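# Examining the three-dimensional arrangement
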Amino acid sequence: MSQIEIVEIIEQIKQEIEVDANGQAKASLRATARLAGVSDKAIGKALESANLEPSKLAQMLMQQSFDAANLTDWRTSGIPDTAIAIILEYYAYEAGRYCTKQARLVCRSFNTIGIRAWIQDKLGWTKPANSSEIGMTQIQLLAALAQQLAEQEQYLLQQQQQQTEILHRLKAVEVEQDRVNTPCGHKYSVVGFANLQGLEISVKEAGTKGRKASALCRKQGIEIERIHDPRFGKVGLYPESVLIEVFKAEQN
């Protein structure tokens with residue numbers, strides 16, 4: 001017995017299975033027997049025993065709040081989905097030598113969602129929408145739209161932030177290009193220029209040369225740019241030409 005064969009059985013008994021407007025399903029005695037892989041007489045006999053000496057199956061059904069009158073009526077009115085689940089479980093695991101592989105397979109098919117949902121799915125049943133549900137759907141659509149607009153706004157903010165960062169980077173590039181294009185060349189700190197020349201310089205010497213470089217810049221009308229240095233705090237950046245003059249004067 002395979003899932004394909006189960007689908008074929010469903011097609012054969014589909015006319016004997018129904019779902020009402022509330023989604024409650026039921027099947028005929030014959031359809032239930034086909035699902036369990038047993039004869040309809042076997043199930044019918046078990047149901048009739050409820051009024052006399054209840055069989056194990058009848059006892060299992062009555063333990064789930066079904067009375068003897070219910071079981072007798074099912075022969076003509078159809079068996080409710082909750083009872084079908086019990087009957088299939090009985091023939092899958094509790095019927096001893098009368099257990100069937102088909103009942104076990106059908107049980108495994110609907111165990112995760114329940115027999116009612118399983119039958120609803122097999123019959124293609126969908127719950128009718130009432131006015132309150134339609135209203136809730138509209139509210140859900142509005143909520144989804146609001147969420148979408150919020151996500152778009154967040155995206156625009158991120159784009160603006162990225163554009164701002166790009167502009168800052170472009171500005172830094174422009175500053176560097178201006179520095180390269182100026183007649184005095186690149187700007188360095190005193191220590192940075194010394195390192196570039198392979199010279200060792202003390203903090204005291206750096207301070208002295210920095211003051212001389214500042215004086216030359218003021219004399220020539222050159223603005224002194226200052227940057228943060230983790231060792232010295234704020235330090236000045238001086239044109240390469242000024243630093244060359246300061247270091248040359250010290251060497252002389």
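Report follows, based on the coordinates. (Residues numbered from 1 in each chain as written. Predicted model: local features only at pLDDT ≥ 70, side-chain atom pairs only at ≥ 80, totals over all residues. Heavy atoms only, no water.)

### Considering the side chain of Ser-214
Put simply, the rule is: Note on conventions: DSSP H or I runs of at least 4 residues are helices, E runs of at least 2 residues are strands, and numbering of each starts at the N terminus. Contact criterion: two residues are considered in contact whenever any of their non-hydrogen atoms come within 4.5 Å of each other.
You can see Ser-214 is positioned in helix 11 (residues 203–220). Residues within four places of Ser-214 in sequence aside, it is in contact with Ile-224, Arg-226 and Tyr-238.

### Topic: the nonpolar core
Threshold: Only buried residues count toward a nonpolar core. Its members are Ala, Val, Leu, Ile, Met, Phe, Trp, Tyr and Cys residues joined through side-chain atoms within 4.5 Å. Partly exposed describes any residue whose relative accessible area lies between the buried limit of under 20% and the exposed limit of over 50%, with all areas from a 1.4 Å probe on protein chains only and scaled to the type maximum.
Ile-43, Leu-47, Leu-61, Leu-71, Trp-74, Ile-79 and Tyr-91 are the most contacted members of the largest nonpolar core, which has 39 residues in total. Here this core takes eight residues from helix 6 (residues 81–94), the largest share from any one element. In this structure, Val-190, Val-191, Phe-193 and Tyr-238 belong to the second largest nonpolar core, which totals 13 residues.

### What about the sheet that holds strand 2 (residues 25–27)?
Formally: Two strands qualify as a pair provided that DSSP identifies no fewer than 2 bridges between them.
The sheet built from three strands is open, its strands ordered 1-2-3 with antiparallel pairing. Strands at the two margins of the open sheet, each flanked by one partner only, are strand 1 (17–19) and strand 3 (79–80).

### Comments concerning the environment of Cys-217
Considering the arrangement of structural elements, one finds Cys-217 in helix 11. The spatial distance from the C-alpha of Cys-217 to the C-alpha of Tyr-238 is 7.6 Å, given a sequence separation of 21 residues. Not counting residues up to four positions away in its chain, the partners in contact with Cys-217 are Ile-222, Ile-224, Tyr-238, Pro-239 and Val-242.

### Focus: the packing of aromatic side chains
Short version of the rule: Any two of the Phe, Tyr and Trp rings considered here, Trp counted by its six-membered ring, make a pair once their centres fall within 6.5 Å; the pair's planes then place it as stacked at under 30 degrees, edge-to-face at over 60, or tilted in between. Here, a charge over a ring is recorded when the distance from Lys NZ or Arg CZ to the ring centre is within 6 Å and its angle to the ring normal is within 35 degrees.
On inspection of all chains with the given rule, the structure shows four aromatic pairs. Note on Tyr-90 and Tyr-91: the rings are 4.9 Å apart at their centroids and 80° apart in plane angle, and the pair reads as edge-to-face. A relative accessible area of 6% places Tyr-91 in the buried class. Site record: aromatic cluster; members linked through ring pairs are Tyr-188, Phe-193 and Phe-247. Residue placement shows Lys-209 over the ring face of Phe-247; its charged tip is 5.2 Å from the ring centre.

### What about the environment of Ile-13?
Here Ile-13 shows up in helix 1 (residues 3–13). Each C-alpha atom, one on Ile-13 and one on Arg-34, is 8.0 Å from the other, the two residues being 21 residues apart in sequence. With residues up to four places along the chain from it excluded, the contact list for Ile-13 reads Arg-30, Ala-31, Arg-34 and Leu-35.

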